[in-house]
Amino acid sequence: MPPPTAEPGTPFDVAQSALRLLCDGPGPLAVSGRAIGHGLPRREIRLTELAAILMHPSASYPARDAVWRLLVTQARTGGPAWVVGATGVALPGLRAIAGRLGRPGDPDVQAEVLAGFLAGLRNLDVSAPRVCPRLCNAAQSTARAALRSARPTAPEVSLEAAGDAAAEAVVGGHPDFVLARAVRAGVLTVADADLIGAIRLDGVPVREYAARLGMTEWAIYKRRTAAEARLIAALNAGDLDDMNAQVIAEATGATGP
């Protein structure tokens, strides 16, 4: 199946539109939840729905890894449509990367993020865990290197310095979409979400993150602990429920032998 022709827009907009076109109508791009297991709905799942399931915090890491091993394999062997499909499923994380770089709507930055992600689709070792985070790390490294090459004297902009525009990028989506909802609900600041996302999800060492902000490692640990305590309390209270709750309820209710 050839990838569809999407309407003009930023690279991320085009990828989002292409994913939607691939999943609409007869013969949508889909995976077998029954074959993947790990609590996914035991039926064919369109990639647009799959993206919603993976963004929810109830999606387990084994489930995410199983899905992403399949998506990477399909992107390598199933033709261009699967490359577009895998990219579309990853868009929440890719948007968050552009936000972390302080340029969420910049088409050039989006293009570099996509270039790094596509290189990861071709080359990543999928036998190791954390498939999607490693794909996103590749995308972020490529985009950051391109930014530094283009503006070697310009400092990197953090989410905190980027202000409202970067906050909107976080709200736009992340593999752990709960961070976005926490920012929107006022449970976390943008800086808190960046800290948790960088250290917990992107694997940035605490020492490196502390040096980036000019803070001590102890101060970062203390700040992260306080932010995560607020996040856990909000989750336990049900304050961060989202529009994908019905999808997830179906997924968790469909677990079986």
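Q: So what's going on with the nonpolar core? Residues and values would help.
A: One broad rule of soluble globular proteins: the nonpolar side chains tend to lie buried together. Counting residues in each nonpolar core, the largest one holds 47 residues, and the members touching the most others are L47, W68, L71, L94 and V113. Broken down by element, the residue count for this core peaks at ten residues, all from helix α5 (residues 80-100). L94 has contacts with F12, T87, V113, L114, F117 and A139, leaving out every residue within four places of it along the chain. Counting residues in hydrophobic clusters, the runner-up holds 15 residues, among them A182, V187, L195 and I196.

Q: Can you tell me about the packing of helix α4 (residues 61-77) against helix α6 (residues 107-123), naming the residues and giving the values?
A: Two numbers describe how α4 lies on α6: the axes approach to 8 Å, and their chain directions differ by 90 degrees. Taken together, the axes of α4 and α6 lie roughly perpendicular to each other. Within the contact between the two elements, α4 uses W68, V72, A75 and R76 and α6 uses F117, G120, L121, R122 and N123.

Q: Please set out the pattern of salt bridges residue by residue, giving values where relevant.
A: Opposite charge on two side chains allows them to pair when their charged atoms are near. Tallied over the full model, the rule gives five salt bridges. Taking the shortest distance from any N to any O, the salt bridge between R95 and D13 comes out at 3.9 Å. With a gap of 82 residues between them, R95 in helix α5 and D13 in helix α1 (residues 11-23) connect regions that are remote in the sequence. Using a relative accessible area of 39% as the deciding quantity, one classes D13 as partly exposed.

Q: I'd love a proper account of α5, names of residues and values included.
A: In this model α5 runs 29 Å from its N-terminal to its C-terminal C-alpha over 21 residues, within 8% of the 30 Å that 1.5 Å per residue would give. At L91, α5 is deflected by roughly 60 degrees, the largest bend along its length, and proline P92 occurs up to four residues later in sequence. Once α5 ends, the next one or two residues include G102, with phi positive near 80 degrees.

Q: Just give me the short version of the packing of aromatic side chains, but keep the residues and values in it.
A: Enumeration according to the criterion identifies one aromatic pair in this entry. Pairing W68 with F117 gives two aromatic rings, centres 6.2 Å apart and planes at 85 degrees, and the pair type is edge-to-face. Of this pair, W68 sits in helix α4 while F117 sits in helix α6; the two residues are 49 residues apart in sequence, bridging distant segments of the chain.

Procedures and definitions
Residues numbered from 1 in each chain as written. Predicted model: local features only at pLDDT ≥ 70, side-chain atom pairs only at ≥ 80, totals over all residues. Heavy atoms only, no water. Core = buried A, V, L, I, M, F, W, Y, C linked by side-chain atoms within 4.5 Å. Buried < 20%, exposed > 50% of the residue type's maximum accessible area, 1.4 Å probe, protein only. Helix = DSSP H or I, 4+ residues; strand = E, 2+ residues; numbered from the N terminus. Contact = heavy atoms within 4.5 Å. Axes fitted to C-alpha atoms, helices over the stretch in contact; angles between N-to-C directions. Parallel < 35°, antiparallel > 145°, perpendicular 65-115°, else oblique. Salt bridge = Lys/Arg side-chain N within 4 Å of Asp/Glu carboxyl O. Expected span 1.5 Å × (residues − 1). Bend = angle between axes of the 7 residues up to and from the residue. Phe/Tyr/Trp six-rings, centres within 6.5 Å; stacked < 30°, edge-to-face > 60°.

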